[in-house]
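Residue-level structural notes
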Amino acid sequence: ISQDMIITEPDCGTKEGVYMIAVREGDKTIITLGDRVFGRILAEPVLDPVSNEEVIPRGAIIDKTQVQRINSLGIEQVKIRSALTCETRHGICGNCYGMDLARLKPVEMGEAVGIIAAQSIGQPGTQLTMRTFHVGGVATNVQVKESVHKLPYDAIIESISGQRVKNPEGETVFTSRGNIVVSRIHQSMQVSKMINVRVAHGQTVVPGEIIAGGYDGKEQALTSQTAGVVHLVDDEFMIRGEQSRIPVKPGTILLTKENVFAAKGEVLAKFDPYNDVVVAENAGVVRFQDVQDGKNLKKDEEGNLRIFEYKREKLAPRVYVGDHEYHLPLNSILVVGDGEKVNPGHVLLKISSGTEKTRDITGGLPRVEELFEARRPKDASTLAEIDGRVVDHNEVVKEKKVLYVVAEGSEDEKVKVTIPVTKRVRVRNGDYVKKGDQLDEGTLDPHDILRVQGLGALHEFLISEIQEVYRLQGVYINEKHIEIIVRQMLRKTEVTDPGDTSFVAHQQVDRFIFADENTRVESEGGVPAQGRQILLGITRASLNTESFISAASFQETTKVLTDAAIKGKRDPLLGLKENVIIGHLIPAGTGLKHYRAIEIFKEEYGDIQRSERERLEEAARELFARPPEPVPPLED
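What you are looking at is a predicted structure, and each value in this text was computed from that prediction instead of being measured.

**Details of the overall build of the protein**
Broken down by element type, the protein carries 15 helices and 42 strands. What you see for the protein is a C-alpha radius of gyration of 33 Å, clearly larger than the 26 Å of a compact globule of 636 residues, by over 25%. The C-alpha extent of the protein, read off along each of the three principal axes, is 135 × 80 × 65 Å. By residue count, 42% of the 636 residues in the protein fall in the buried class. In the protein, once contacts between residues fewer than 6 apart in sequence are set aside, the share between residues at least 24 apart is 64%. Entry remark: accessible area of the protein is about 34,800 Å², with carbon and sulfur atoms responsible for 51%. Seen as two clouds, the 81 positive and the 96 negative side-chain charges of the protein have centres 4 Å apart.

Right, here's the structure in full:
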């Protein structure tokens, strides 16, 4: 599939790119931002967060010295050119690829980067399979669990959403999912030390704007380091920067308040990282319904009372505290007994998080294969299609629970979601969800991520999942190799509305052909087609290539050839495989058209050929100028 990815032009001229952030697990940084962007070309300049000056210009290649500069600046993200956003029609351009990792120089024209990518991913794959025989399946729990929410910078707590109650110990406990919204703080100073303050509370400032005539007795103009809103209260001055959300799950204990200052590393909330809990919202007596000991309530190996599936009777186990009802999902552990008195904030049941399952090394290669083949997981989780509030009317239709996600502000816009009754729902009535949040337990489906959250989220998901498998083995693969394969998986667009084009609905078209046809129709004043990008697994993608010779040499030869004959297809012989099959010079390396008309000379044009011609002529002259050797007389 990736053999056709050859560097065919120096620069495609795109302004697009992808944002890179450091890879972290908890507080530990696994791969620094600088190392992640090494050997790539910047799509936007890197700015110094303090002085806002340009440190590395747009279009610069990141080498070892730039890596150290990026790491020392302490920036969060960098936008780089990527194979996923390259606009070269056949192959890929040099700038979107970046550095040739074998020579540590910018990549040259004609480099077969697709084959290098396939080898870089495939070769460690041989170790993935072999390692398991030696290790013998040691379970490794990968995830480092954090049990607190804290920030790596100073901030102000803007708002806290979600239902909360006070427990008997006086702690504030979340009873539903919520969010803590924080604003990053830049330039915190004392107003009394500032000379001639030139800004007012609530004013928006831009980087470089003068905010005061001096500070602490020094008369030197003070300028704003970042864009933000001025916060002037009593004797404190600060600039509020960008906002970020911290999602909070039920059972979390809140340790902060709204509109307070939180220092870097201060704990804002603490929670149980291994279990999701359901918390009582009011005081009352616990009452069980459809919970029968020995049928669907049994003790597990650890002595916990757990809810099991009971197939002989249809039981819908629930817990009531006063008039509040709580659904009991399968495998949940009951922490309270029937008839027990509880206070607000008391934990009623625990559900162990899905992430706690230990991962075996043997899950290596099959997991990589599952991702590259873009298979839909058996237990795919449902994602929220829009931002909004969850409305649950306890509807069940055909063994499926029905939820609605209602958009904020408009009651008309709502999305119906159906979830199988056996699956554990992660949200409750009244919870606020963001587009792309998981609504139930399960594995993320790459197709859903692409449809709901777009290309950026899919890129991040695929790369982090594939890298995690290899990282467990101690193998480091550069991301550009994975991006090249993912680019080939995303070549097709599915037509949703054909408009005035020659396409039909649900036809899968190459995205460049789709764009060309739309340009043609628009220039004639017609209605362009609408489509959405789709993800194909590598086997499907290689059978759907434009070249039928390359596809026929892979799988289903007769089918591919009959299909090509019926459609009267033409093969332009642009890739490597079809040229090898036919016996032509391959269009890579010096076989590229770019190199065919090149003449080589030493000092001036034609001198090598001239000197060679002269050498041959000289040799011929010497041969003819030599006197003929006397023939020895014949002996009798």
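**Things to note about the packing of aromatic side chains**
All told, the structure shown has 1 aromatic pair when counted by the stated rule. Here Phe 503 and Phe 514 contribute two aromatic rings whose centre-to-centre distance is 5.9 Å and whose plane-to-plane angle is 15 degrees, an arrangement assigned as stacked. Here Phe 503 is found in the loop between strand S40 (492-497) and strand S41 (508-510), whereas its partner Phe 514 is found in helix H9 (residues 511-523), with 11 residues between them in sequence. Among the residues examined, Phe 514 registers a relative accessible area of 10% and is labelled buried. The ring of Tyr 97 carries the charged tip of Lys 480 above its face, separated from the ring centre by 4.6 Å.

**Quick look at the sheet that holds strand S30 (residues 318-321)**
Read from one edge to the other, the open sheet built from 4 strands follows the order S31-S30-S27-S33, with strand pairing classed as antiparallel. Strands at the two margins of the open sheet, each flanked by one partner only, are strand S31 (324-327) and strand S33 (341-342).

**Some words on the environment of Ala 588**
By secondary structure assignment, the location of Ala 588 is in the loop between helix H13 (576-582) and helix H14 (593-596). Note on Ala 588: relative accessible area 11%, which makes it buried. Considered as a pair, Ala 588 and Thr 14 are 574 residues apart in the sequence and their alpha carbons are 23 Å apart. If we ignore the near neighbours within four places in the chain, the residues touching Ala 588 are Ile 6, Gly 110, Ala 112 and Leu 576.

**Comments concerning the side chain of Glu 483**
Tracing the backbone through its elements, the reader meets Glu 483 in helix H8 (residues 479-489). Since its relative accessible area comes to 0%, Glu 483 is described here as buried. One polar contact links Glu 483 to Arg 40, side chain to side chain, over a distance of 2.6 Å. Setting aside anything within four residues of it in sequence, one finds Glu 483 in contact with Met 20, Arg 40, Ser 82, Ala 83, Leu 84, His 459 and Ile 463.

**Brief notes about the packing of helix H7 (residues 455-472) against H8**
It is at 10 Å that the axes of H7 and H8 come closest, and there the two elements cross at 125 degrees. As judged from the angle between their axes, H7 and H8 are oblique. When the axes of H7 and H8 are compared, the crossing they make is right-handed. Residue-level inspection shows His 459, Leu 462, Ile 463, Ile 466 and Gln 467 of H7 in contact with H8, the latter providing Glu 479, Ile 482, Glu 483 and Val 486.

**As for the nonpolar core**
Counting 24 residues, the largest nonpolar core has Phe 372, Leu 458, Tyr 470, Ile 482, Leu 490 and Leu 535 as its most contacted members. Those elements that provide at least two residues to this core are helix H5 (364-372), helix H6 (446-453), H7 and H8. In terms of residue count, H7 provides more of this core than any other element does, 7 residues in total. With residues near it in sequence (within four places) discarded, Leu 490 still touches Leu 84, Leu 450, Leu 455, Leu 458, Arg 511, Gln 533, Ile 534 and Leu 535. Counting residues in each nonpolar core, the second largest holds 19 residues, with Cys 96, Val 107, Ala 117 and Leu 592 among its members.

**A closer look at the state of the cysteines**
Two cysteines whose sulfur atoms are joined by a covalent bond form what is called a disulfide. One pass over the structure, following the stated rule, counts 0 disulfides. No disulfide involves Cys 12; its sulfur sits 3.6 Å from the nearest other cysteine sulfur, which is in Cys 93. When its relative accessible area of 18% is taken as the criterion, Cys 12 is described as buried. Given a relative accessible area of 0%, Cys 93 falls into the buried group.

**Topic: the pairing of strand S37 (residues 400-406)**
The element S37 is extensively covered by neighbouring structure, given that 6 of its 7 residues are classed as buried. Here strand S36 (residues 388-397) folds back onto S37, and the loop between the two strands holds 2 residues, one of which, Lys 398, carries a positive phi near 50 degrees. Bridging between S37 and strand S38 (residues 414-420) involves 7 bridges; their strand directions are antiparallel. The residue bridging Lys 401 from the neighbouring strand is Ile 419, located in S38.

**Some details on H9**
Counted at 1.5 Å a residue, the expected span for H9 with its 13 residues is 18 Å, and the 18 Å between its end C-alpha atoms agrees. Buried within H9 are the following residues: Phe 512, Phe 514, Glu 517, Asn 518 and Val 521. Lining the buried residues of H9 we find H8, S40, S41 and strand S42 (530-533). Looking one or two residues past H9, Gly 525 carries a phi angle of roughly 85 degrees, positive in sign.

**Looking at the pattern of salt bridges**
In the structure shown here, the tally under the stated rule is 22 salt bridges. Taking the shortest distance from any N to any O, the salt bridge between Arg 491 and Asp 510 comes out at 3.2 Å. Of this pair, Arg 491 sits in the loop between H8 and S40 while Asp 510 is found in strand S41, placing the two residues 19 residues apart along the sequence. Between Glu 556 and Lys 559 there is a salt bridge; the shortest N-O distance is 3.5 Å. Relative accessible area serves as the criterion here: at 41%, Glu 556 is assigned to the partly exposed category. When salt bridges with common partners are traced through the structure, they connect Arg 36, Glu 460 and Glu 479 into a single cluster.

Calculation notes
- Residues numbered from 1 in each chain as written.
- Predicted model: local features only at pLDDT ≥ 70, side-chain atom pairs only at ≥ 80, totals over all residues.
- Heavy atoms only, no water.
- Helix = DSSP H or I, 4+ residues; strand = E, 2+ residues; numbered from the N terminus.
- Rg over C-alpha atoms; globule rule 2.2 N^0.38 Å.
- Buried < 20%, exposed > 50% of the residue type's maximum accessible area, 1.4 Å probe, protein only.
- Contact = heavy atoms within 4.5 Å.
- Areas by Shrake-Rupley, 256 points an atom, 1.4 Å probe, with all protein chains shown as cover.
- Lys, Arg positive; Asp, Glu negative; His and termini not counted.
- Charge placed at Lys NZ, Arg CZ, Asp CG, Glu CD.
- Phe/Tyr/Trp six-rings, centres within 6.5 Å; stacked < 30°, edge-to-face > 60°.
- Lys NZ or Arg CZ within 6 Å of the ring centre and 35° of its normal.
- Pairing = 2+ DSSP bridges.
- Polar contact = N/O pair within 3.5 Å; in protein donor to acceptor, adjacent residues only side chain to side chain.
- Axes fitted to C-alpha atoms, helices over the stretch in contact; angles between N-to-C directions.
- Parallel < 35°, antiparallel > 145°, perpendicular 65-115°, else oblique.
- Left-handed = near helix turned anticlockwise from the far one by under 90°.
- Core = buried A, V, L, I, M, F, W, Y, C linked by side-chain atoms within 4.5 Å.
- Disulfide = S-S within 2.5 Å.
- Expected span 1.5 Å × (residues − 1).
- Salt bridge = Lys/Arg side-chain N within 4 Å of Asp/Glu carboxyl O.

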